[in-house]
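Structural overview for review
What follows is the residue order along each chain.
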Amino acid sequence: MDQGADETRRSLEAALSKALDFFDRASERPVAAASDLEHLRARLDKPLRAEGLPPERVVSELVEDVAGGILGSSGGRFFGWVIGSALPAALSADWLTSCWDQNAALYACSPAAAVVEEVAGKWLKDLLGLPPEASFAFVSGCQMAHTTCLAAARQALLARRGWDVEERGLYGAPALRVLSSAQRHGSFERAVRLLGLGRSHIVLLPADEGDRLRPEALEQALKSDLSSPTVVLLQAGDIHIGAYDDFETLIPVAHRRQAWVHVDGAFGLWAAASGRHRHLVQGVEEADSWATDGHKWLNVPFDCGYAFVAHPEAHRRAMSHRAAYIAHHEEARDEIDWNPEWSRRARGFPTYAALRQLGRAGLEALIDRCCEHARALVAGIGRLPGAEVLWEPVINQGLVRFLDGAPGARQEDHDRRTEEVIAAILATGEAFFGGSTWRGRRAMRVSVCSWRTTAKDVERAVAAVERALDALGPRGGNA
Ligand SMILES: *Cc1c(COP(=O)(O)O)cnc(C)c1O
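Keep in mind that what you see is a predicted model, and the values were worked out from it rather than measured.

**Remarks on the nonpolar core**
The biggest cluster of nonpolar side chains holds 115 residues, and the ones touching the most others in it are Leu298, Leu377, Ile381 and Phe433. The leading source of residues in this core is helix α12 (residues 348–382), at 12 residues. Both domains that meet at this core, namely domain 2 (103–345) and domain 3 (356–472), each give it at least three residues. Ile381 has contacts with Ala387, Val400, Phe402, Phe433, Met444, Val462 and Val465, leaving out every residue within four places of it along the chain.

**Remarks on the pairing of strand β8 (residues 387–391)**
Residues in a regular strand point their side chains to alternate faces of the sheet. In this sheet, strand β9 (residues 397–402) lies alongside β8 in antiparallel orientation, the contact comprising four bridges. Bridging from a neighbouring strand, Ala387 pairs with Phe402 of β9. Between β8 and β9, which pair antiparallel in sequence order, lie five residues.

**Focus: the pattern of salt bridges**
Applying the stated criterion across every chain, the model contains 34 salt bridges. Taking the shortest distance from any N to any O, the salt bridge between Arg177 and Asp225 comes out at 4.0 Å. Of this pair, Arg177 sits in strand β2 (residues 177–181) while Asp225 sits in the loop between α9 (215–224) and β4 (230–235); the two residues are 48 residues apart in sequence, bridging distant segments of the chain. With its nearest N and O atoms 2.8 Å apart, the salt bridge here joins Arg347 to Asp303. In this pair, Arg347 sits in the loop between α11 (312–319) and α12 while Asp303 sits in the loop between β6 (289–293) and β7 (305–309), placing the two residues 44 residues apart along the sequence. Look at Arg347 and you get buried, because its relative accessible area is 5%. Taken together, the salt bridges that share partners define one network made up of Glu117, Asp303, Arg333, Glu341, Arg344 and Arg347.

**Focus on a negative patch on the surface**
Side chains of Asp246, Glu248, Glu285 and Glu286 sit close together on the surface and give a patch of like negative charge. By the element assignment, Glu248 lies in helix α10 (residues 247–256). Among the residues examined, Glu248 registers a relative accessible area of 49% and is labelled partly exposed.

**Topic: the pairing of β9**
Of all the six residues making up β9, six are buried; the element is thus mostly covered by neighbouring parts of the structure. With burial as the criterion, each face of β9 is covered, one bearing Gln397, Leu399 and Arg401 and the other bearing Gly398, Val400 and Phe402.

**Considering the site of the ligand**
Surveying the vicinity of the ligand reveals 15 residues, the closest of which are Gln143, Asp264, Asp293, His295 and Lys296. Contacts to the ligand include Asp293, whose side-chain N or O atom sits 2.8 Å from an oxygen atom. Between the ligand and His295, the relevant distance is 2.7 Å, taken from an oxygen atom to a side-chain nitrogen or oxygen of the residue. Contact with the protein chains removes 85% of the 380 Å² of surface that the ligand exposes when unbound. It is helix α6 (residues 142–159) that provides the largest number of residues to the shell around the ligand, a total of three residues.

**Observations regarding unusual backbone geometry**
Only a minority of non-glycine residues have a phi that is not negative, and only a minority of peptide bonds are not trans. Within the chain, Gln258 stands out as a residue other than glycine whose phi angle is a positive 60 degrees. With respect to the helices, strands and loops of the structure, Gln258 is situated in the loop between α10 and β5 (260–264). In the Ramachandran plot, Arg439 falls in the positive-phi region, its phi being about 50 degrees despite a non-glycine side chain. Within the secondary structure, Arg439 sits in the loop between β10 (434–438) and β11 (441–447). Note on Arg439: relative accessible area 43%, which makes it partly exposed.

What counts, and where the lines are drawn
Residues numbered from 1 in each chain as written. Predicted model: local features only at pLDDT ≥ 70, side-chain atom pairs only at ≥ 80, totals over all residues. Heavy atoms only, no water. Core = buried A, V, L, I, M, F, W, Y, C linked by side-chain atoms within 4.5 Å. Buried < 20%, exposed > 50% of the residue type's maximum accessible area, 1.4 Å probe, protein only. Helix = DSSP H or I, 4+ residues; strand = E, 2+ residues; numbered from the N terminus. Domains from an automatic or database assignment. Contact = heavy atoms within 4.5 Å. Pairing = 2+ DSSP bridges. Salt bridge = Lys/Arg side-chain N within 4 Å of Asp/Glu carboxyl O. Patch = residues over 30% accessible without salt bridge, like charges linked within 9 Å, V, L, I, M, F, W, Y side chains within 5 Å. Areas by Shrake-Rupley, 256 points an atom, 1.4 Å probe, with all protein chains shown as cover. Lys, Arg positive; Asp, Glu negative; His and termini not counted. Charge placed at Lys NZ, Arg CZ, Asp CG, Glu CD. Near = heavy atom within 4 Å. Polar contact = N/O pair within 3.5 Å; in protein donor to acceptor, adjacent residues only side chain to side chain.

Below, the structure is given as structure tokens:
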């Protein structure tokens, strides 16, 4: 064996053994961070050495030094943000992706990566109920999926007005406007900024009691300005309550006024893969573009989002890049034509593997199971003293809060109590929840999107909340 192969073997073996240990001991480790900033810096901020180290030593020291700073977000009792775990086949394919180290920019750079992406893209459209002729891009996450879709929207809307934005830029172009409900995710606003459309051109419209954009409000806004090229952002699953806009009603309203409809379905679009939840996305296939994630509910490791565009020509015009030294293929799908990156990770492999591991039935079971666990968690927590359910999950997102028992306790006391309880739960190391402000009140978000979460995890998490409440004691009343 040559020196390089030997070093690689020792390094990978060290990594495999550490990785297996990481999973084997996951249930003993705290789910929240156990090391603070100071300790992590003290351990990791080593003098940069003049001489290098053997790779297996680098690996084992890395594992030691990050201890306590790795959240249990890949495990079954992590309910913060919307994160998702990694399916075994997806994780393993992700390792191989690094081993193969392909540049998935072009078919010529990696024929297998190009074909795998082509196939996985087709499967995704099928599972998500999107038009088979839609174009797609595998990007780093939903943030870049928004950016990709919005670049296509900008291209198409301005081209219809005789403006070639790829050539002329936005200087002197008709201003685009963006209509959305206030329930949008901040990543969309960032895409608007990156594309030079400007935050001030976003108009937030009122939502109903279910956080859905009101059709009258949309109609009104569209009618108030019939000349500006317009993007309408709709939501398939918002981060607080998993709200779905009424696509069947709203999309035709937007299309009557020639607006481009973009859907943020970072996790919520996956409802389409479940017979029980598919009704929530009824009509979504009529939109012009869709953004979603692989690294959330599909449980692909991070660095995986998908952009879909119903107008492949606009998508290609916005992204395609040609140069004399790159060898384009006549028939194959060159990723560079659809993606904002040049050199890029072959991120189709983990998605392909995830879909092969799950199959249609496995994906549906994953979606349904997460929703059931979310409901059980919210119900279980809701039965504890002082807990109040703010939102029972319709999909995998729910909200609870904790009331200050003191007589005459005010809103801010309940807000403070909720924060205290969240901190106390994290301190048990048993479960992880995050806080947010919803309709002016602090709340604890309950978000389930891991294949690893079991009924036992739900029990353990509810027990941890109970323990945290016991440890804090009832506030105020008997003080
Ligand atoms: C997570 C999320 C995003 C952003 O996705 P990234 O993959 O983090 O870039 C956008 N919208 C919603 C609703 C999300 O939950």
